[in-house]
Number of protein chains: 4
Amino acid sequence: MGNTFGHLFRITTFGESHGGGVGVVIDGCPPQLEISAEEIQVELDRRRPGQSKITTPRKETDTCEILSGVFEGKTLGTPISILVRNKDTRSQDYDEMAVKYRPSHADATYDAKYGIRNWQGGGRSSARETIGRVAAGAIAKKILRQVANVEVIGYVKRIKDLEGSVDPNTVTLEQVESNIVRCPDAECAERMIELIEQTGRQGNSVGGVVECVARNVPKGLGDPVFDKLEADIAKGVMSLPASKGFEIGSGFAGTLLTGIEHNDEFYIDENGETRTVTNRSGGIQGGISNGENIILRVAFKPTATIRKEQKTVTNEGEETILAGKGRHDPCVLPRAVPMVEAMVALVLCDHLLRYHGQCKVL
Amino acid sequence: MGNTFGHLFRITTFGESHGGGVGVVIDGCPPQLEISAEEIQVELDRRRPGQSKITTPRKETDTCEILSGVFEGKTLGTPISILVRNKDTRSQDYDEMAVKYRPSHADATYDAKYGIRNWQGGGRSSARETIGRVAAGAIAKKILRQVANVEVIGYVKRIKDLEGSVDPNTVTLEQVESNIVRCPDAECAERMIELIEQTGRQGNSVGGVVECVARNVPKGLGDPVFDKLEADIAKGVMSLPASKGFEIGSGFAGTLLTGIEHNDEFYIDENGETRTVTNRSGGIQGGISNGENIILRVAFKPTATIRKEQKTVTNEGEETILAGKGRHDPCVLPRAVPMVEAMVALVLCDHLLRYHGQCKVL
Amino acid sequence: MGNTFGHLFRITTFGESHGGGVGVVIDGCPPQLEISAEEIQVELDRRRPGQSKITTPRKETDTCEILSGVFEGKTLGTPISILVRNKDTRSQDYDEMAVKYRPSHADATYDAKYGIRNWQGGGRSSARETIGRVAAGAIAKKILRQVANVEVIGYVKRIKDLEGSVDPNTVTLEQVESNIVRCPDAECAERMIELIEQTGRQGNSVGGVVECVARNVPKGLGDPVFDKLEADIAKGVMSLPASKGFEIGSGFAGTLLTGIEHNDEFYIDENGETRTVTNRSGGIQGGISNGENIILRVAFKPTATIRKEQKTVTNEGEETILAGKGRHDPCVLPRAVPMVEAMVALVLCDHLLRYHGQCKVL
Amino acid sequence: MGNTFGHLFRITTFGESHGGGVGVVIDGCPPQLEISAEEIQVELDRRRPGQSKITTPRKETDTCEILSGVFEGKTLGTPISILVRNKDTRSQDYDEMAVKYRPSHADATYDAKYGIRNWQGGGRSSARETIGRVAAGAIAKKILRQVANVEVIGYVKRIKDLEGSVDPNTVTLEQVESNIVRCPDAECAERMIELIEQTGRQGNSVGGVVECVARNVPKGLGDPVFDKLEADIAKGVMSLPASKGFEIGSGFAGTLLTGIEHNDEFYIDENGETRTVTNRSGGIQGGISNGENIILRVAFKPTATIRKEQKTVTNEGEETILAGKGRHDPCVLPRAVPMVEAMVALVLCDHLLRYHGQCKVL
């Protein structure tokens, strides 16, 4: 049951990295939304490996096909199924993976749970699974934009110890996309790229932090008690491959403040709206959006696939050495940006539909 | 729909801080488990305000009653309903709260969403709601212990900038409960208590970090893709009042390492089990437990209720001053420990039942 | 997980016939609905045993208490928990039930599934469980009435072979409540009462058919494909104790017609609305309400509890005789009427909220 | 959210009759089950139009492709996605359908709900949607067979007023498949075929009743209270196109008996098993399987598509005449047999997994 996310705007992803293909079924999309495969493809291309010199050199075109739910360019309110075919790949590249567990991958746990796994390229645990999420996220973003001009923008905040200076309240998609590392701080971005390239040449990898902001979110989204908006977002982003931490608003750093320093005082703005002077709450109070910008951060560990020898064991229970060879992605962060955006957009869209109903929201 | 958590071991909490009472319905509990109100009460007493000099002085006895699902001391497999009555309280203490929004509380967002709220003592957004969670968590813990000797132990890791030194692999419940701040580092605990008392006297509050470990978790729990074990835990703890951040294993700090430094190499232990040399994964790989200790941390902001004047607004849209008076809890962390344990236990128990089925697990 | 029904308007019932009490938690109720325990009590009294000479003589007052979710007479949007205490009863009445399985009851299957059961008075499988449903149904009915003037009216259509003549398009609650058997055909009702009394004196029981109509249902409720309105209603009423069959519109009899005879032709009414000339569809087409009256029937078997000797077995696997003694209800149909109404109202309310959202519907 | 069915064995169907294709994602399938597209195709061919002279002459090959979840002939425990491509069809056949609502179809209600529909061939409301159900049902049946030798066998019990004589306790698949109408009573089957052919020549249609038996179902499946086995089955089959009624065991006819006549007395069989002498309960008591054969019936109305002129209206609100032309299926019953079997198997498999867990059941 773990392959479905959301309640009213609900996605189910499917597919292994090898086999027929990967994709998603989106149930609950409001009817009469204009949507095209091309729009979805734009987001998939941001997620795609091989899009720049600092990502994995695997050439995947990841062309999507809409199988259902859209008629004459508009959504029907019925399930939208999107398929991306897998390419024929030389699976002998992966022969070693059939028997040796890659450290910090899911090989061993899948075997423990299921007693079987598609060992080619990671199978279901491959980041390729996120294609379905990003495709669905493209639709969620469009709904959010149409209903309330909501913008969901992610960017690389930090690579290892290189942290960019970015204002989440004003950052634009253009700034994010202006460089291949997706850090809107141009000067820092250059150093990040240099670090990633150097690490990649060594066969090693680095991680970092993606920050994401959602602006213009209407007040009132989020269901106490368990389906608090930040709880649902936390689940969404912590279900992304390689994520190890989440924080909203002031996050872990906020624990260093006292209550009087941390509280967000209220005021009435020029439009008569109740607003907060500061935004340590990160746009959510009591689990419900308060109209301020929702700001969150996700920690991604350094990619587990590296070109270095590592001690490991076989599925027969024998200790062995995994030779580090073949292609690897020295840093997943730039490609993780659209993934984080997708999960945030999916959660917001789900709660928007809980609030307004599927057929009444647009 | 936001008041239900879990799928096979599923809890639904109810109740405001004022009114008839608060409680929980637990659906899916395995039959024939011996359980008593007394056992549940032990955990509720750990959560209770007024249990020590450093928590809120409100005297709540929080005595629980099991209304259903238990017969002659054993669970029936039917819903277990647990009720804790509210006390008659002088609601005039709260009169100001009827019109003035308390900063960084849920007053304003509840009004924005529902157009109505029980303004006495926080209503549904009160931490009193967690009584139901902790009661259910007591049962979840017992199931986990019986099935696989699983131990779920939380403790205060940090208060503001005072961080205790604790080994999650060996810490015991006795050590946690040996002092009122629930930090097993005795020396640090004293300084924490002093800080909390001093902050409380100033009418201010502090936050910090709770760390939690689950030991002896069987391999194979957790459902990829969205219901990864860490994703479900993240949702659970991020739905607790005042939580602002979550991390598993190496967490945010892990992003400062390179791949070769971060990866957990495998070996075969003396029992022929596949194990990892290090545990930066935090006991979960690919969303599935790998048999190592599950270790996680939760950031709690400083309590929003303080005894200081703050700028705020009324529900009529007028700016005003909220006088800081009355009782307050200078630090929620010691009481948050059983809450975090409960959420972790609930997630593990849910996945245990997915794996083994409700009636076959015990 | 079987104790929860609905998605956006979601109820969870709890409680055995003996023990602390029975009740319900209603999650998703729209805020600002005026509701009182008295209004709910009206429906509970229609469900109550002992309300007339033809029902079981057990005197249960079934007084309900609202524990949460209502403040100053209005719903908060938070979970509404309703509790009805059980009475102290002389459980020695039931001693035989501890070891002997009552034919066509749930005693044996509960033991097979759970290995334990509360054998006093049926435990969880007792019709007393429906108290929670009827209480929740009272609220659902009020929402439906306020939003769209929807009326949900059930009545006894048939007892054994005595079938009343009732027009579902015009029948009123007053007509239903005008006699104790709840059949609006007064002449037939008298014969039904006579049959039930005579059967009861013989220690035997009879069953029959409840018909239910929902009028003024807005067009567009119901989610294809699996959550068709009639599918959700079917699940709801088939989950009532003793129900053995369900039909909508033309039902089983409709299979005797040909297509040209069965099809509901369309016309435009005086308000310009698309209407159907006939209503063999029963108000639902393609799983979605079409604005015509929703008409359905539910078959209830004769009550399994009778005052006659029957062959049975013990929980130790020995054949034995169950002496028919004590009190019994010769016909559950009059009390089943509010149960059927409740399930229909709950389904309609759930779909109404899916359509309009929880906070926007009122 | 209406396109998903089941909890632990959970299917999501997608697709309109025209467009890219139709299919299903099956989440929760146990790992290591041997399955092939060929096995699934067998069931799809039983559902396919054009398989005999008495079904619709549309030639659909409905060849399925497994896109994911199967590796080297075995299931992985990950989602199984199955796709059947739609054929290019001359949509001008359907031009009239773009504006005129077909009586007793879903055209008008889809427009009322969504404001848009794929009017080609019924779109999402087409019986073509059941391809996904039948494909998933093929897998569910195989699991049931492997785990407990469960057999799920459906057949045509009645066409209009022609009722076959069939013993559900002994009927075989071979008998069902021995004639094109799928009625194991050979003599009656001939008369049914004659009736269907004659009706079809007149451009008219007939309905009837499908009976289905599940044998060797283990005791203990089914979750009281709302997820009673018969309630879940009722929902499943009442969500099939054209179904108007459901009954289990004695059904509507059982209401004509008295309690003493209807009750199923218990005895101990030669293996020491608790059994019932009669089976008016239909294999389920208190919502839980009792080990006896589960027997149920589903009423299907005469097909709405006929070749006769009918009064109708346009989507612009004007009255008009729908010319009856083109192809039509005079009786859906033979093709409904595998659909009913699929829904019954899906429900049983879901409850089997709740009982045993996904990874432990095989």
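Residues numbered from 1 in each chain as written. Chains lettered and ligands numbered in written order. Predicted model: local features only at pLDDT ≥ 70, side-chain atom pairs only at ≥ 80, totals over all residues. Heavy atoms only, no water.

As named in an unreviewed UniProt entry, chain A is Chorismate synthase, taken from Brasilonema sennae CENA114. The record in UniProt for chain A states the following under Sequence similarities (unreviewed entry): "Belongs to the chorismate synthase family." According to the UniProt record, the Subunit (unreviewed entry) comment for chain A is "Homotetramer." (UniProt positions renumbered as here; feature names shortened; annotations may be inferred.)

A.B. asks: Break down the relation of the copies chain B and chain A for me, citing the residues and quoting the values.
C.D. replies: The two copies are related by a screw motion: chain B maps onto chain A through a turn of 180° and a shift of 0.0 Å along the axis, at an RMSD of 0.0 Å. What we have between these two chains is a two-fold relation. The share of interface residues of chain B whose copies in chain A are also at the interface is 100%, consistent with both copies meeting through the same surface. (Least-squares fit on C-alpha atoms with pLDDT ≥ 70 in both. Contact = heavy atoms within 4.5 Å.)

A.B. asks: Let's hear about the relation of the copies chain C and chain A: which residues, and what values?
C.D. replies: You can overlay chain C on chain A at an RMSD of 0.0 Å; the transform is a turn of 180° with a shift of 0.0 Å along its axis. Both copies share a contact surface, since 100% of the interface residues of chain C are interface residues in chain A too.

A.B. asks: How would you explain unusual backbone geometry if you had to name every residue and give the values?
C.D. replies: Residue Val 225 of chain A is bonded to the preceding Pro 224 of chain A through a cis peptide linkage, with omega at 15°. The topology assignment puts Val 225 of chain A in the loop between β10 (208-215) and α6 (229-238). With phi around 70°, Asn 216 of chain A is a residue other than glycine that occupies positive phi space. Along the chain, Asn 216 of chain A falls in the loop between β10 and α6. Given the relative accessible area of 39%, Asn 216 of chain A is considered partly exposed. For Gln 32 of chain C, which is not glycine, the phi dihedral falls at a positive 70°. (Helix = DSSP H or I, 4+ residues; strand = E, 2+ residues; numbered from the N terminus. Buried < 20%, exposed > 50% of the residue type's maximum accessible area, 1.4 Å probe, protein only.)

A.B. asks: Could you give an account of the interface of chain C and chain A, with specific residues and numbers?
C.D. replies: Counting residues at the interface gives eight residues for chain C and eight residues for chain A. Taken together, the two surfaces of chain C and chain A that pack against each other cover about 820 Å², and 60% of this comes from carbon and sulfur. Taken as a group, Leu 8, Tyr 355 and Lys 360 of chain C account for 47% of the area that chain C buries against chain A, more than any other trio of residues on that side. For the pair chain C and chain A, the interface holds two residue pairs in polar contact (both at pLDDT 80 or more). Classifying every residue of the side of chain C that touches chain A gives three nonpolar, three polar and two charged. (Buried area = accessible area lost by both parts, 1.4 Å probe. Polar contact = N/O pair within 3.5 Å; in protein donor to acceptor, adjacent residues only side chain to side chain. Nonpolar A, V, L, I, M, F, W, Y, C, P; charged D, E, K, R; others polar.)

A.B. asks: Give me the environment of Gln 32 of chain A: which residues, what numbers.
C.D. replies: Take Gln 32 of chain A: it is sitting in the loop between β3 (21-27) and α1 (37-47). Accessibility expressed as a relative area gives 40% for Gln 32 of chain A, which makes it partly exposed. Sequence separation between Gln 32 of chain A and Leu 362 of chain A is 330 residues, and the spatial gap between their C-alpha atoms is 8.1 Å. Discounting residues that sit within four places of it in the chain, Gln 32 of chain A has contacts with Lys 74, Thr 75 and Leu 362 of chain A together with Tyr 114, Gly 115 and Ile 116 of chain D. Here Tyr 114 of chain D takes part through its backbone oxygen, which lies 3.0 Å from a polar atom of the side chain of Gln 32 of chain A.

A.B. asks: Go over the pattern of salt bridges, please, and point to the residues and values.
C.D. replies: Close approach of charged atoms allows side chains of opposite charge to pair. Summed over all chains, the structure comprises 134 salt bridges over all chains. Here Arg 117 of chain B makes a salt bridge to Asp 107 of chain B, at a shortest N to O gap of 3.7 Å. Of the two residues, Arg 117 of chain B sits in the loop between α2 (107-114) and α3 (130-148) while Asp 107 of chain B sits in helix α2, which places them ten residues apart along the sequence. One continuous salt-bridge network, built from bridges that share partners, spans Lys 113 and Lys 235 of chain A together with Asp 223, Asp 227, Asp 232, Asp 350 and Arg 354 of chain B. (Salt bridge = Lys/Arg side-chain N within 4 Å of Asp/Glu carboxyl O.)

A.B. asks: I'd like to hear about helix α6 (residues 229-238) of chain D, residue by residue, with values.
C.D. replies: Burial analysis of α6 of chain D places ten of its ten residues in the buried class, the great majority of the element. Every buried residue of α6 of chain D is listed here: Leu 229, Glu 230, Ala 231, Asp 232, Ile 233, Ala 234, Lys 235, Gly 236, Val 237 and Met 238 of chain D.

A.B. asks: Can you lay out the environment of Pro 224 of chain D for me, pointing to particular residues and giving the numbers?
C.D. replies: By the secondary structure assignment, Pro 224 of chain D is in the loop between β10 (208-215) and α6. Considering only alpha carbons, one finds Pro 224 of chain D and Gly 286 of chain D, 62 residues apart in sequence, at a separation of 7.0 Å. If near-sequence neighbours (up to four positions away) are discounted, Pro 224 of chain D is found in contact with Gly 2, Asn 3, Tyr 110 and Tyr 114 of chain C together with Gly 286 and Ile 288 of chain D.

A.B. asks: Run through the side chain of His 328 of chain D, naming residues and quoting values.
C.D. replies: Residue and element names in this part refer to chain D. With respect to the helices and strands, the residue His 328 is situated in the loop between β18 (319-322) and α8 (333-356). According to the relative accessible area criterion, His 328 is buried, its value standing at 6%. One polar contact links the side chain of His 328 to the main-chain carbonyl oxygen of Asn 204, over a distance of 2.9 Å. A polar contact is formed between the side chain of His 328 and the side chain of Arg 307, at a distance of 3.0 Å.

A.B. asks: Which residues make up the packing of helix α6 (residues 229-238) of chain B against helix α8 (residues 333-356) of chain B, and what values go with them?
C.D. replies: Helix-helix packing is characterised by the crossing angle of the two axes and by the distance between the axes. All names here are of chain B. In contact at an axis separation of 9 Å, α6 and α8 are set at 140° when each is read in the N-to-C sense. Relative to α8, the element α6 lies oblique. The chirality of how α6 crosses α8 is right-handed. On α8, the residues touching Leu 229, Asp 232, Ile 233, Gly 236 and Val 237 of α6 are Val 340, Met 343, Val 344, Val 347, Leu 348, His 351 and Arg 354. In terms of residue class, the contact of α6 with α8 is made up of eight nonpolar, two polar and two charged. (Axes fitted to C-alpha atoms, helices over the stretch in contact; angles between N-to-C directions. Parallel < 35°, antiparallel > 145°, perpendicular 65-115°, else oblique. Left-handed = near helix turned anticlockwise from the far one by under 90°.)

A.B. asks: Describe in detail the UniProt feature "binding site: NADP(+)" (unreviewed entry) in chain A, supporting the description with residues and values.
C.D. replies: Residue and element names in this part refer to chain A. Taken from the UniProt record, the annotation "binding site: NADP(+)" (unreviewed entry) applies to Arg 47 and Lys 53. Mapped onto the elements, Arg 47 comes out in helix α1. The buried category is assigned to Arg 47, whose relative accessible area is 0%. Within the secondary structure, Lys 53 is located in the loop between α1 and β4 (64-68). Accessibility expressed as a relative area gives 59% for Lys 53, which makes it exposed.

A.B. asks: Before we move on, can you summarise the UniProt feature "binding site: FMN" (unreviewed entry) in chain A with the specific residues and values?
C.D. replies: Per the UniProt record, "binding site: FMN" (unreviewed entry) is annotated on Arg 124, Ser 125, Ser 126, Gly 286, Lys 301, Pro 302, Thr 303, Ala 304, Thr 305 and Arg 327 of chain A. On the basis of their most widely separated C-alpha atoms, the annotated residues across 204 residues do not gather in one place, lying as much as 45.6 Å apart. Take Arg 124 of chain A: it is sitting in the loop between α2 (107-114) and α3 (130-148). Judged by its relative accessible area of 4%, Arg 124 of chain A falls in the buried class. Beyond its immediate sequence surroundings of up to four residues, Arg 124 of chain A is in contact with Asn 3, Thr 13, Phe 14, Gly 15, Glu 16, Tyr 110 and Glu 129 of chain A, Val 225 of chain B together with Thr 78 and Pro 79 of chain D. At a separation of 2.8 Å, a polar atom in the side chain of Arg 124 of chain A contacts the side chain of Thr 13 of chain A. Looking at where Ser 125 of chain A falls in the secondary structure, it is placed in the loop between α2 and α3.

A.B. asks: Quick rundown of the sheet that holds strand β1 (residues 4-5) of chain D? Include the residues and the values.
C.D. replies: Residues and elements named next belong to chain D. Strand order in the open sheet formed by five strands is β1-β2-β3-β7-β4, and the pairing between neighbours is antiparallel. Pairing within the sheet leaves two strands with one partner each, and these edge strands are β1 and β4 (64-66). With three bridges joining them, β4 and strand β7 (residues 80-85) adopt antiparallel strand pairing. Paired with Glu 65 across the strands is Leu 83, a residue of β7. Running over the sheet, helix α3 (residues 130-148) touches β2 (10-14), β3 (21-27) and β7 and is turned about 35° from β3. (Pairing = 2+ DSSP bridges.)

A.B. asks: Give me the sheet that holds strand β3 (residues 21-27) of chain C: which residues, what numbers.
C.D. replies: Residues and elements named next belong to chain C. Strand order in this open sheet of five strands is β1-β2-β3-β7-β4, and the pairing throughout is antiparallel. Both outer strands of the open sheet, β1 (4-5) and β4 (64-66), are each paired with one neighbouring strand and no more. As judged from the six bridges shared by β3 and strand β7 (residues 80-85), these two strands associate in the antiparallel manner. Among the inter-strand pairings, Val 24 is bridged to a residue of β7, identified as Ile 82.

A.B. asks: Would you mind going over the side chain of Lys 113 of chain C in detail, with residue names and values included?
C.D. replies: Within the fold, Lys 113 of chain C resides in helix α2 (residues 107-114). Relative accessible area serves as the criterion here: at 6%, Lys 113 of chain C is assigned to the buried category. Among all residues touching Lys 113 of chain C, those that are not within four sequence positions of it are Cys 359 of chain B together with Gly 220, Leu 221, Gly 222, Asp 223, Ile 288 and Tyr 355 of chain D.

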